[in-house]
Amino acid sequence: FDETDWDVAPGVAGTAARLGHAFGTGDYLVDRSFARHPGQDEEIRRLGVRSVLAAPLRGEGDPIGALTVLSRRKDAFDLDAGATLEALASLAAAALRNATLLERVTASESRLSDLVATSPDLIWECDAEGRLTFVSGLAEKVLGRPVGDLTGRHFAVIV
């Protein structure tokens, strides 16, 4: 079983991911309405778990995991708990997507910074009014003027 293949993932979490909504059981060891993870029954028994409720974490269309809660009490979760867990899972999935996007942006910025630092070309950027908002460190060597003297001035000073 590949944990990224939610179409065949066993257990309460796999079932929730496959269904696309919260799924639970009020008596895990007795309930046969879902496929089991190999060996998980023993761990559930050891922990004294009776109720399990899971809601899928949705990525860009496909599930990326599931948020799961356990209880030692039989029939501990109702429909309201399922709706609440789905809302929490939605927030958690958004946080995971944002963290992934932030990692990508940070890596991209790092690559761009390395490129600018090692480029033999003078690189500059300006705003809509033509004022320089960035000038690479090469400016001093090429233009004989410190970067600080150029930032905020019109790009015509470079041209």
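Residues numbered from 1 in each chain as written. Predicted model: local features only at pLDDT ≥ 70, side-chain atom pairs only at ≥ 80, totals over all residues. Heavy atoms only, no water.

### Remarks on the packing of aromatic side chains
Going by this rule: Note on ring pairs: Phe, Tyr and Trp rings are taken, using the six-membered ring of Trp, and paired if centres are within 6.5 Å. Classes follow the plane angle, with under 30 degrees stacked, over 60 edge-to-face and the rest tilted. For every residue, the accessible area obtained with a 1.4 Å probe (protein chains only) is divided by the maximum for its type, and the residue is called buried under 20%, exposed over 50%, and partly exposed between those limits. Under the scheme used here, helices are H or I runs from DSSP no shorter than 4 residues and strands are E runs no shorter than 2 residues, and both carry numbers assigned from the N terminus.
By the definition in use, this model includes three aromatic pairs. Here tyrosine 28 and phenylalanine 34 contribute two aromatic rings whose centre-to-centre distance is 5.2 Å and whose plane-to-plane angle is 55°, an arrangement assigned as tilted. Phenylalanine 34 shares its class with tyrosine 28; the two are buried. Judged by centre distance (5.7 Å) and plane angle (10°), the rings of tryptophan 124 and phenylalanine 155 are stacked. Of the two residues, tryptophan 124 sits in strand β4 (residues 124-126) while phenylalanine 155 sits in the segment after α5 (147-150), which places them 31 residues apart along the sequence.

### Details of the pairing of strand β2 (residues 51-58)
Convention followed: At least two DSSP bridges between two strands are needed for those strands to be called paired.
Burial of β2 is extensive: seven of the eight residues sit out of reach of the surface. Bridging between strand β1 (residues 23-25) and β2 involves three bridges; their strand directions are antiparallel. Directly across from glycine 24, in β2, lies its bridge partner leucine 53. Where β2 lies against strand β3 (residues 63-71), eight bridges are found, and the strand directions are antiparallel. Bridge assignment links serine 51 to a residue of β3, and that residue is serine 71. Between β2 and β3, which pair antiparallel and follow one another directly, the connecting turn spans four residues, one of which, glycine 61, has a positive phi of 105°.

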